[in-house]
Amino acid sequence: MLADSRIEIKLSEVLAEKGYIRGPFGSALRRPELKDAGIPVYEQQHAIYNIRDFRFFIDEDKFKELERFQVRTNDLIISCSGTVGRISLIRDEDPKGIISQALLLLRPNQNIIRSKYLYYYLTSKTGFNQITQASHGSVQVNIASRNVVEAIKLNVPAVQEQDKIVNMLASIDGKIELNLEMNKTLEEMAMAIYKEWFVDFGPFKD
């Protein structure tokens, strides 16, 4: 389908069958049906902050009713209102719950586009601008209608090239994360020394 060179293609053309899923309407998932344990419900915060702490759950019966909203490995979940366009990638270890009304789920066709490549593209300045420019709303900004979002243009190289790009970017991400962890450790050490010297007066106690 795709040539070896980079081409421009619509988002709709890189999604799997039924790969565009908006969360269930409010009437389909009401507050009294949410539980304290069971099958987790992915909310907007999971896309915005890439966290996996869950507040709400549903039981098996409700899950069977809403199974079409279940996340799968390599799906992208996107925040749809307020903080529009923040994205999180569903990993193997993530619980396979359902999405809430505040999320859009994209399921890429892996033979055309790798999920991580699409993630990097949509979180780039160019991709993010496309998502937010496709959004509307005067007071509360909401992601645009399906036909507008699916018309977003992507630059898509062959999957082999995508894999190389993803591996390179993932390596850079890993170094950034390591540096952030080192900075946090150094900051904690500095604060401990400061407290020892200037709060507890440790060096002057003798």
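This part takes up the side chain of S88. With respect to the secondary-structure elements, S88 resides in strand 6 (residues 87-89). Within polar-contact distance, the side chain of S88 engages the side chain of R52 at 2.8 Å. When sequence neighbours within four positions are dropped, the list of residues in contact with S88 reads H46, A47, N50, R52, D75, L76 and I77.

Summed over the entire model, instances satisfying the criterion amount to 1 cavity of 30 Å³ or more. Here the largest cavity is characterised by a volume of approximately 30 Å³. L11, I78, L104, L106, L122, I131, I143, V149 and I152 are the residues that line the largest cavity. Residues of the lining of the largest cavity, tallied by class, amount to 9 nonpolar, no polar and no charged.

This structure, assessed with the given rule, holds 11 salt bridges. E93 is the salt-bridge partner of R91, the closest N and O atoms lying 3.7 Å from each other. Residue E93 is classed as exposed on the basis of its relative accessible area of 61%. Among the ionic pairs, D163 bridges to R114, the shortest N-O distance being 2.9 Å. With D163 in helix 6 (residues 159-199) and R114 in the loop between strand 8 (103-108) and helix 3 (115-123), this residue pair connects regions lying 49 residues apart in the sequence. Each of R30, E33, K62 and E65 takes part in one network of salt bridges that share partners.

What follows covers the layout of surface pockets. Any space left empty among the atoms is revealed by the rolling of a water-sized probe across them. Considering only enclosed or pocket space, the largest pocket measures out at about 410 Å³ in volume. If you trace the largest pocket, you find 16 residues lining it, with N50, I87, K116, Y119 and D173 closest to the centre. When residues of the lining of the largest pocket are traced back to their parent elements, those giving at least two are helix 1 (44-49), strand 6, helix 3 and helix 6. When residues in the lining of the largest pocket are grouped by element, the largest group, 4 residues, is from helix 3. Approximately 180 Å³ is the volume found for the second largest pocket. Each residue belonging to the lining of the second largest pocket can be placed in one class, and the counts come to 7 nonpolar, 3 polar and 2 charged.

Right, let's get into the sheet that holds strand 5 (residues 76-79). As summarised here, the arrangement of the 4 strands in space is 2-8-5-6, forming an open sheet in which the pairing is antiparallel. Of all strands in the sheet, those bounded by a partner on one side alone are strand 2 (15-22) and strand 6. Adjacent strand axes in the sheet meet at a mean angle of 15° when their direction is disregarded. Taken together, the 3 bridges between strand 5 and strand 6 define a ladder with antiparallel strand orientation. Bridge pairing in strand 6 places I78 opposite I87. On the sheet, helix 3 packs against strand 5, strand 6 and strand 8 and is oriented at approximately 165° with respect to strand 6.

This paragraph deals with the sheet that holds strand 4 (residues 57-58). Neighbouring strands of a sheet are bound in pairs by backbone hydrogen bonds; such pairs are parallel or else antiparallel. One open sheet holds the 3 strands; their spatial order is 4-3-7, and the pairing between them is mixed. The two strands at the open ends of the sheet, each matched to only one other strand, are strand 4 and strand 7 (98-99).

Calculation notes
- Residues numbered from 1 in each chain as written.
- Predicted model: local features only at pLDDT ≥ 70, side-chain atom pairs only at ≥ 80, totals over all residues.
- Heavy atoms only, no water.
- Helix = DSSP H or I, 4+ residues; strand = E, 2+ residues; numbered from the N terminus.
- Polar contact = N/O pair within 3.5 Å; in protein donor to acceptor, adjacent residues only side chain to side chain.
- Contact = heavy atoms within 4.5 Å.
- 1 Å grid on protein atoms, 1.4 Å probe; cavity = no way out; pocket = protein on both sides within 12 Å on 5 of 7 lines; lining within 4 Å.
- Points joined across faces, edges and corners; volume = space filled by probe spheres on them.
- Nonpolar A, V, L, I, M, F, W, Y, C, P; charged D, E, K, R; others polar.
- Salt bridge = Lys/Arg side-chain N within 4 Å of Asp/Glu carboxyl O.
- Buried < 20%, exposed > 50% of the residue type's maximum accessible area, 1.4 Å probe, protein only.
- Pairing = 2+ DSSP bridges.
- Axes fitted to C-alpha atoms, helices over the stretch in contact; angles between N-to-C directions.

Everything listed here is a matter of coordinates, which is why it stays silent on function.
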